[in-house]
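Reading the structure
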Amino acid sequence: MTMTRADIVAHARDSIAKGSKSFALASKLFDPQTREHAWLLYAWCRRCDDLADGQDMGHGMAYVDDPGARLEEIRRETQCALDGETCEDPAFSALGIVTSECNLPRRYIDDVIEGFALDARDWRPRTENDLYQYCYHVAGAVGRLMAIIMGVSPQDTKTLDRATDLGLAFQLANIARDLEEDDAAGRCYLPEEWLAEMDIPPGQHMKPPFRDRLVILAQRLCDNAELYEASARVGAARLPFRSRWAVLAAAGIYGDIAREVRTRGAHAWDHRAVTGRASKIGWVAKASTQALRPVPDISREMLWTHYGDN
């Protein structure tokens, strides 16, 4: 039985509700059309991520013994969706709908898939720039797609860069929080040059003797996440009010994950850092006020200098 658009939107709504309570809450702040499009894009991202990581709605990462085959499935089904064909998986049909209705550039979709390709190759970052490149592929490019869904022109590179920064902030927070989970799945996103700087042998960063040094690197991830979050807040000021509200709420909610990891120090991985429901609701309220305030259009370079001096 062929699914209707309404069926696919309903599937996407269920996907974000199960996969991310934070994004699901923030998405409610969008106007109805933008909300639907955000759900549709999320459904595709969630399904690709689950396929690549052996997860179920973002939970229970496991080692997969056929990463190349899973990557090929992602590429094949994505192409099916972009060709306007009927896909067996509604998450890929969701991508076809949102791409068609919002004219999403193919290059950013390909950029997201390249992130899954990096993981399929068991890629590890050697330098800090490598880390940011990975974060771009798995989250920054999604930020650019979301900005276009919110009405930003594909030619407005300044605003798209700020949307990329929000994706980087989210991903850096994820990496800091999930260091232990990633290690259990045989992954490490800490740059090799950082590990060498701390004299931590490859693959040993979660071992107790190196915990104090790991805390320093986790704090670096969280500090950088805060920097990119600040940059994204400048870009959010250029969005329509309801989109600005949603973005600022999501930035605060996700930013609290990085702040919690930093606060916990050596105990950051005793249990998974999350933003509680009360804090999430608090950020919805705070973001509504923040969205009404003028924001100085501070350049990214000035922000970098400011944060570097603090």
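Scroll up to find the structure this text is about.
I will try to describe carefully the structure that is included in this document. What you see is a predicted model; the values in this text were computed from it and never measured. (Residues numbered from 1 in each chain as written. Predicted model: local features only at pLDDT ≥ 70, side-chain atom pairs only at ≥ 80, totals over all residues. Heavy atoms only, no water.)

1. Comments concerning the overall build of the protein
Assigned secondary structure in the protein consists of 14 helices and zero strands. A compact globule built from 310 residues should have a C-alpha radius of gyration of about 19 Å, and the protein, at 19 Å, falls within 12% of that. With the C-alpha coordinates of the protein rotated into their principal frame, the extents come out at 55 × 50 × 35 Å. Residue burial in the protein is summarised as follows: out of 310 residues, 54% are buried. Carbon and sulfur atoms make up 51% of the accessible area of the protein, which amounts to about 14,400 Å² in all. Separation of charge centres in the protein, based on 38 positive and 47 negative side chains, amounts to 6 Å. (Helix = DSSP H or I, 4+ residues; strand = E, 2+ residues; numbered from the N terminus. Rg over C-alpha atoms; globule rule 2.2 N^0.38 Å. Buried < 20%, exposed > 50% of the residue type's maximum accessible area, 1.4 Å probe, protein only. Areas by Shrake-Rupley, 256 points an atom, 1.4 Å probe, with all protein chains shown as cover. Lys, Arg positive; Asp, Glu negative; His and termini not counted. Charge placed at Lys NZ, Arg CZ, Asp CG, Glu CD.)

2. As for the packing of aromatic side chains
Scanning the model with the defined rule gives eight aromatic pairs in all. Look at Phe-241 and Trp-245: their rings are 5.9 Å apart centre to centre, the planes differ by 35 degrees, and that puts the pair in the tilted class. Placement of both Phe-241 and Trp-245 in helix H12 (residues 241-264) is noted, with a separation of four residues, approximately one turn of the helix. Put simply, the rings of Phe-23, Tyr-42, Phe-170 and Tyr-254 touch in pairs and so form one group of aromatic residues. (Phe/Tyr/Trp six-rings, centres within 6.5 Å; stacked < 30°, edge-to-face > 60°.)

3. Comments concerning the nonpolar core
By size, the foremost hydrophobic cluster in this structure holds 103 residues, and its most contacted members are Leu-41, Trp-44, Leu-131 and Leu-190. Counting residues per element, this core draws most heavily on helix H7 (residues 128-149), at twelve residues. (Core = buried A, V, L, I, M, F, W, Y, C linked by side-chain atoms within 4.5 Å.)

4. Remarks on the state of the cysteines
For the structure shown, the criterion picks out zero disulfides. Free cysteine: Cys-48, not disulfide-bonded; nearest cysteine sulfur from Cys-45 at 6.9 Å. Exposure remark for Cys-48: the relative accessible area of 1% places this residue in the buried category. The closest cysteine sulfur to the non-disulfide-bonded Cys-87 is located on Cys-80, 3.2 Å from its own sulfur. (Disulfide = S-S within 2.5 Å.)

5. Description of helix H4 (residues 67-82)
In this model H4 runs 22 Å from its N-terminal to its C-terminal C-alpha over 16 residues, within 8% of the 22 Å that 1.5 Å per residue would give. All of the buried residues along H4 are Leu-71, Ile-74, Glu-77, Thr-78, Cys-80 and Ala-81. The inward-facing, buried residues of H4 abut helix H3 (32-53), helix H5 (90-102) and helix H6 (106-120). Where H4 ends, the next residue or the one after it, Gly-84, has phi of about 80 degrees, a positive value. (Expected span 1.5 Å × (residues − 1). Contact = heavy atoms within 4.5 Å.)

6. Observations concerning unusual backbone geometry
Unlike most non-glycine residues, Asp-122 shows phi in positive territory, near 55 degrees. Relative to the helices and strands, Asp-122 resides in the loop between H6 and H7. A relative accessible area of 48% means that Asp-122 is categorised as partly exposed. The phi dihedral of Asp-199 is positive, around 55 degrees, even though this residue is not glycine. With respect to the secondary-structure elements, Asp-199 resides in the loop between helix H10 (192-197) and helix H11 (211-236). On the basis of relative accessible area, Asp-199 is assigned to the exposed category, the value being 57%.

7. As for the packing of H6 against H7
Closest axis-to-axis distance for the H6/H7 pair is 8 Å, and the angle between their directions is 155 degrees. In this view, H6 runs roughly antiparallel relative to H7, as classed from their interaxial angle. Along this stretch, H6 crosses H7, giving a crossing that reads as left-handed. The residues of H7 that touch H6, namely those facing Tyr-108, Ile-109, Asp-111, Val-112, Glu-114, Gly-115, Leu-118 and Asp-119, are Tyr-134, Tyr-136, His-137, Val-138, Ala-141, Val-142, Arg-144, Leu-145 and Ile-148. In terms of residue class, the contact of H6 with H7 is made up of eleven nonpolar, two polar and four charged. (Axes fitted to C-alpha atoms, helices over the stretch in contact; angles between N-to-C directions. Parallel < 35°, antiparallel > 145°, perpendicular 65-115°, else oblique. Left-handed = near helix turned anticlockwise from the far one by under 90°. Nonpolar A, V, L, I, M, F, W, Y, C, P; charged D, E, K, R; others polar.)

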